[in-house]
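One letter stands for each residue in the lines below.
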Amino acid sequence: MVVKWLRENKSAAVILTMLRLYLGFTWLTAGFGKLTGPGFDASGYLKNAIANPVKGPEGDVLYGWYVSFLESFALPNIELFNVIVPVGEFLIGLGLIVGGLTTAAAFFALVMNYAFFLAGTVSSNPIDIFLGAIILFAGYNAGRYGLDNWVVPFFRKRVFKQKTTATANRS
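What this report covers is the structure whose coordinates are included nearby. (Residues numbered from 1 in each chain as written. Predicted model: local features only at pLDDT ≥ 70, side-chain atom pairs only at ≥ 80, totals over all residues. Heavy atoms only, no water.)

1. Digging into the layout of surface pockets
Let me state the cut-off plainly: A pocket, in this scheme, is an open set of points on a 1 Å grid over the protein atoms alone with protein on both sides within 12 Å along at least 5 of 7 lines, while a cavity is a set where a 1.4 Å probe fits but cannot get out; residues line either one if an atom lies within 4 Å of a point. Grid points are joined across faces, edges and corners, and a volume is the space filled by probe spheres set on the points. Helix and strand definitions follow DSSP, with helices as H or I runs of at least four residues and strands as E runs of at least two, each counted in order from the N terminus. When residue character is reported, Ala, Val, Leu, Ile, Met, Phe, Trp, Tyr, Cys and Pro are called nonpolar, Asp, Glu, Lys and Arg charged, and the others, Gly included, polar.
If you add up the space inside the largest pocket, you get close to 640 Å³. As for the largest pocket, its lining consists of 31 residues, and the residues nearest its centre are Val-85, Glu-89, Met-112, Ala-115 and Phe-116. For the lining of the largest pocket, the elements supplying multiple residues, two or more each, are helix 2 (10-36), helix 3 (43-51), helix 4 (64-74), helix 5 (78-98), helix 6 (102-118) and helix 7 (125-138). By residue number, the principal contributor to the lining of the largest pocket is helix 5, which donates 7 residues. Classifying every residue of the lining of the largest pocket by side-chain character gives 21 nonpolar, 7 polar and 3 charged. Considering only enclosed or pocket space, the second largest pocket measures out at about 170 Å³ in volume. Contributing to the lining of the second largest pocket are Leu-101, Thr-102, Thr-103, Ala-104, Gly-139, Tyr-140, Asp-148, Val-151, Val-152, Phe-155, Arg-156 and Phe-160. Those elements giving two or more residues to the lining of the second largest pocket turn out to be helix 6 and helix 8 (148-170). Per element, the largest residue contribution to the lining of the second largest pocket is 6 residues, and it comes from helix 8.

2. Digging into the pattern of salt bridges
The condition is simple: The rule for a salt bridge is simple: a side-chain nitrogen of Lys or Arg has to be within 4 Å of a carboxyl oxygen of Asp or Glu.
Evaluation of the coordinates by the stated rule reveals 2 salt bridges. Close ionic contact of Lys-4 with Glu-8 constitutes a salt bridge, the shortest N to O distance being 3.4 Å. Of this pair, Lys-4 and Glu-8 both sit in helix 1 (residues 2-8), 4 residues apart, which is roughly one turn of that helix. Of the charged contacts, one joins Lys-34 and Glu-89 as a salt bridge, the two residues approaching to 2.9 Å between their closest N and O atoms. Highlighted residues: Lys-34 in helix 2 and Glu-89 in helix 5, separated in sequence by 55 residues.

Without other data, these values stay purely geometric and don't point to any function.
Below is the structure:
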């Protein structure tokens, strides 16, 4: 019932637009600050996440697989992550603010929030995850008052129709 309201109701679309703008602004400013600031470098953050992994009540490492990922892939490829993180944050924010590819932006926002969580950063992640999940569950309605009003119908008509027509012609 709540998901149906989120996905179809125009009043929900107005509320979702406000949530989307707020969340988009936080992502955009975070990414913009890293892009325009004095040389963003995630290596210190990653080294700290590796040295101080998230531990359970008994002191055991909870996400050893993630620590291994950070140690064996992220840190050796720090130049890549120094680009992906700020550009990703900026594009997520831009997508949420303009309401273009909103569902994709919300999905990648959640991926980044969970990555920060797994590394042991709490910060605003719980609120961001909650708002991002609402926007993701709402789907198209979250971008109804944004570029998705034109982008989604275009993709449905041009891209997905061609695939279904081609599949129908093979039968």
